[in-house]
Amino acid sequence: MGTILFELALTFYFTATIISVVEVFKGSKESSRLMLIITGIGFLIHSSSIIYRYFAAGHLPITSMHEASSFFAWCVVLIFFLLEYKYKIGIMGSFILPVVFVLMLSSSVLPRGIHPLSPVLQSYWLGIHTFLAFLGNASFAVAFGVGIMYLLQEHYLKSKHLHGLFKRLPSLQILDEINYKLISLGFPLLTLAIITGALWAESAWGSYWRWDPKEVWSLTTWFIYALVLHVRLTAGWRGRKAAILSIIGFSVILFTFFGVNLLLKSLHSFV
Amino acid sequence: MSDNKRNQSIVDRIWNFFSSITLAVVVFTVISLTSIVGTIIEQQAEPERSIKLLSKMFGDAAPGVYKVLDALGFTNMYHSWWFFALLFIFAANLVICSLDRLPKIWKLVKEPIKPLNPEQFNVMPIKREAQLKAGPDEVKGTVEAALKKIGYRPLTRREDGSIQIYAEKGRHSRLGVYIVHFSILVILIGAVIGMLFGFNGSLNLLEGTTSSAAYQGNGTAYPLGFEIRCDDFEVSFYDNSDAPKAYKSWLTIIDNGKEVIKKEIDVNNPLKYKGITFYQASYGFSPNKDSLFRFAVMSNAGVVQNIQIKFGESFEIPGTKIVGKVAGFSPALGQDETGRLFTYAEMMNNPAALVEFTEGGKLKYKQWILKRYPQTWKVQDGTVEFKDLWGAQYTGLQVRKDPGVWIVYLGSILMALGLFAAFFMSHSRVWIKLSDEKKTAKVSVAASTNKNKISFEQKIDKFIKTVTG
């Protein structure tokens, strides 16, 4: 049952991604709506697969790389829909759904077994800490997509390519505002994730901070986005620079998520 | 502050240096980059290990590279003088840039909104106008009600021929950023207090033993001021697997010869006494001749007796002449494909005792009794429940004293509050002028906000719609 729901969600996301990619080259109101509907159905199925697994495992399904990637993707779609609800920019899907699909695809190739919870993870912080962290990272993931949209739109403007995709992309001002919104949502969430992580570490590992690779890389991410906010407000680094920084920031997040678990020796890898 | 560098005193120059955004950018970047280096080079590792790893990249030059890294503090960088210096510059930057900007903001926060004169009104960043077929006094009520509905408390001033209604929201949220800055400082202070007055060590306690000290990494004893005893330690596993479910220690604190606390601790649930916290960190297995096998023995007639014996000692099944003796032990008994028994782990993952039963000195039968598997407890003449091999495992406790931890928590709470004010609240102000123009009221709106201008503009437009109906 869990497998069927997961595969089904993957299929819907895949279809929506295909439509969204086609839309980059040849889009219409109808195709945009179709993409949103299919993503919406995928999201509902994905949600039920996560709920199903929640009850099967007895805790938030986030303790293996398979579960974590899938949950990450779910959070990205959630943020995408929140933005879509507010700004109604269908074309945004073309820059975010590929990220969702890649996350789901990596989730699908990873071992899917439900493992019993190791003693260190048996804490009420498991749900709180991870949910904050993933929601924060998802905001940054969407900011990454919006950053790419910004650079593309700016390129069209500069090269006077003023038709096609240019017309369907929102204005630079709106893109910049969305980017800032996402970062000002992601940053407090990341901060809270680090704080709750510290509280948890204090009770489980006997220290709220031990310069573990996961902690260091999260702190680096935190510094990058703190930098984005500071240079924006005091030095007026908006637009292009903010877009580039949010692309760099998301690359660091991807390393924190995959790299630290797979390459570095961290206490914080539960795979 | 003057831009003319020559006229600046040395104090001004230092002040400007520490309050600059450039310094913040540099410090953020340097702390991030060096921290990352620290995750690649293993910290506080044995030199041989690091050199071996480095030789993959640098070949024969590895020992030299290691020497350089070691001299620069990169092998224990989070405790190196230069990393502390970086954190100190970070803190100084934080404090001085806040102090530099705070007076201006403080003035804004202290001063409530005032009505605007026409020039000020005209230069506000958000401007709207509307006409209403009603007199200004009738419109006044509608405007005030509409403002109240979206959370403002409007004030009014009558001017000649017009009415000005003005209101603001979230004035104090301007302080959010400074609360966040201050909270970082609080956290750093808490961390420093922990480092100066705290202690971090460990203690291995064999079941049944007592200690009055914990030990630092270099072996120095740290007196606790009381005694701690490990009454028992146990790892429980998920059914039919070797996946650990819980590591539990039963601890007793003895202060002045009196048992003051008895507590069962596990990984997310430490024991705290007199400012010292004991965490379940590790465990080990070290069987010895005094370790006790604990059995609950029941005869077929139903008579139960709890017994504890050492290896090689014997017991009697109550009410019978059958004598049992522990003749073999495995901490983790397993079976290979051919049915041969073997020990598969060094820890007590699946403890098993081989018990020989004799009657009148003659061996009757022997049987492996496994602690985790009740179906192995039944023997011919009764039931032998293997409860524990006690006094063979030690609990590995992390022992920590950190008087700064509450300051760190306080800072964290402050940070959460500050972030909320800084990101989810804004200081918005709105002024509405109602003037009489030939039986209609002209509604002029001026507004400003320090954040989220676009969505605030939408809010103003919606507000005008509710007023004009």
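Definitions and cut-offs
- The residue numbering used here restarts from 1 in each chain and proceeds along that chain's sequence as written.
- Lettering of chains starts at A and numbering of ligands starts at 1, both following the order in which they are written.
- Only residues with pLDDT of at least 70 are given local features in this predicted model, and only at 80 or more are side-chain atom pairs given and counted; all residues enter the totals for whole chains, interfaces and linings.
- Only heavy atoms go into the side-chain values, all of them from the structure, while hydrogens and water stay out.
- Like charges within 9 Å and nonpolar side chains (Val, Leu, Ile, Met, Phe, Trp, Tyr) within 5 Å are joined into patches, using only residues over 30% in relative accessible area that form no salt bridge.
- Computed with the Shrake-Rupley method and a 1.4 Å probe, the accessible areas treat only the protein chains shown as cover for residues.
- Here a salt bridge means any side-chain nitrogen of Lys or Arg lying within 4 Å of a carboxyl oxygen belonging to Asp or Glu.
- Each helix corresponds to a stretch of at least 4 residues labelled H or I by DSSP, and each strand to a stretch of at least 2 residues labelled E; elements are numbered beginning at the N terminus.
- Residues count as neighbours in contact if any of their non-hydrogen atoms are within 4.5 Å of one another.
- When two parts are put together, the accessible area they lose, computed with a 1.4 Å probe and summed over both, is reported as buried area.
- Counted as a polar contact is a pair of N or O atoms within 3.5 Å, where, for protein atoms, one must be capable of donating a hydrogen and the other of accepting one, and residues adjacent in sequence contribute only when both atoms are in side chains.
- Under the grouping applied here, Gly and all other residues not named as nonpolar or charged are polar, the nonpolar ones being Ala, Val, Leu, Ile, Met, Phe, Trp, Tyr, Cys and Pro and the charged ones Asp, Glu, Lys and Arg.
- Relative accessibility decides the category of a residue: with a 1.4 Å probe and only protein chains considered, values under 20% of the type maximum give buried, values over 50% give exposed, and everything between is partly exposed.
- Only strands that DSSP links by at least two bridges are regarded as paired with each other.
- Confidence scores labelled pLDDT are given residue by residue by the predictor and lie between 0 and 100.
- Two aromatic rings, drawn from Phe, Tyr or Trp (for Trp, its six-membered ring), form a pair once their centres lie within 6.5 Å of each other, and the interplanar angle then sorts them: stacked below 30 degrees, edge-to-face above 60, tilted otherwise.
- The rule for a charge over a ring is simple: NZ of Lys or CZ of Arg within 6 Å of the ring centre, and within 35 degrees of the ring normal.

Asks: Teacher, can you tell me more about a nonpolar patch on the surface here?
Replies: Residue and element names in this part refer to chain B. Taken together, the side chains of F84, V192, M195, L196 and F197 define a hydrophobic patch exposed on the protein surface, amounting to about 510 Å² of accessible area. Per-element accounting of the nonpolar patch gives the leading share, four residues, to helix α8 (residues 176–197). Mapped onto the fold, V192 is located in helix α8.

Asks: I tried to follow the interface of chain A and chain B on my own but got confused; where do I start?
Replies: Often the size quoted for an interface is simply the accessible area lost on bringing the parts together. At the interface, 44 residues of chain A touch 44 residues of chain B. Roughly 3,800 Å² is buried in total at the junction of chain A and chain B, and carbon and sulfur atoms are behind 69% of that figure. The largest contributions to the chain A side of the interface with chain B come from Y208, W211 and F223 of chain A, which together make up 18% of the buried area. At the surface where chain A touches chain B, the tally comes to one salt bridge. Two residues, R400 of chain B and E202 of chain A, come together in a salt bridge whose shortest N-O distance is 3.1 Å. At the junction of chain A and chain B, the tally comes to 12 residue pairs in polar contact (both at pLDDT 80 or more). Every element with two or more residues in the side of chain A that touches chain B is listed here: α7 (172–204) and α8 (213–235) of chain A. The element best represented in the side of chain A that touches chain B is α7 of chain A, accounting for 15 residues. Here the residues of the side of chain A that touches chain B sort into 26 nonpolar, 12 polar and six charged.

Asks: Is there a simple way to explain the pairing of strand β23 (residues 440–449) of chain B in this structure?
Replies: Both faces of the sheet carry side chains from a regular strand, because those side chains alternate between them. Residue and element names in this part refer to chain B. Within β23, nine of the 10 residues are buried, which leaves the element mostly enclosed by the surrounding structure. Pairing geometry for strand β1 (residues 126–132) and β23, over seven bridges, is antiparallel. Looking at β23, one finds that L132 is bridged to A441. Both strand β22 (residues 428–437) and β23 contribute to a ladder of 10 bridges, which runs antiparallel. Its bridge partner being in β23, S428 is matched across the sheet by T449. A loop of two residues connects β22 with β23, the two strands running antiparallel in sequence, and K438 in this loop sits at a positive phi of about 45 degrees.

Asks: What is the right way to look at the confidence of the model for chain B in this model?
Replies: Residue and element names in this part refer to chain B. Per-residue confidence for chain B gives a mean pLDDT of 90; residues scoring 70 or more make up 99%. Per-element confidence in chain B ranges from a low mean pLDDT of 83 for helix α3 (residues 47–58) to a high of 96 for strand β8 (residues 258–265). This complex was scored by the predictor with a pTM of 0.89 and an ipTM of 0.90.

Asks: Honestly, the packing of aromatic side chains in this entry has me stumped. Any pointers?
Replies: The relative placement of two aromatic rings is captured by the distance of their centres and the angle of their planes. Applying the stated rule across the entire model yields 45 aromatic pairs over all chains. Seen from their ring centres, F187 of chain A and W222 of chain A are 5.3 Å apart, and the 25 degrees between their planes marks the pair as stacked. Linking F187 of chain A in helix α7 with W222 of chain A in helix α8, this pair joins segments that are 35 residues apart in sequence. Each member of the pair, F187 of chain A together with W222 of chain A, is buried. Where F74 of chain B meets W82 of chain B, the ring centres are 5.1 Å apart and the plane angle is 50 degrees; that geometry is what we call tilted. Comparing F74 of chain B with W82 of chain B shows no difference in burial state: the two are buried. Site record: aromatic cluster; members linked through ring pairs are F43, F71, F72, W74, F80, F81, F131, F134, F257 and F258 of chain A. Its end group placed over the ring of Y85 of chain A, K88 of chain A keeps NZ or CZ at 5.2 Å from the ring centre. The aromatic ring of Y152 of chain B is capped on one face by K169 of chain B, whose charged end is 4.6 Å from the ring centroid.

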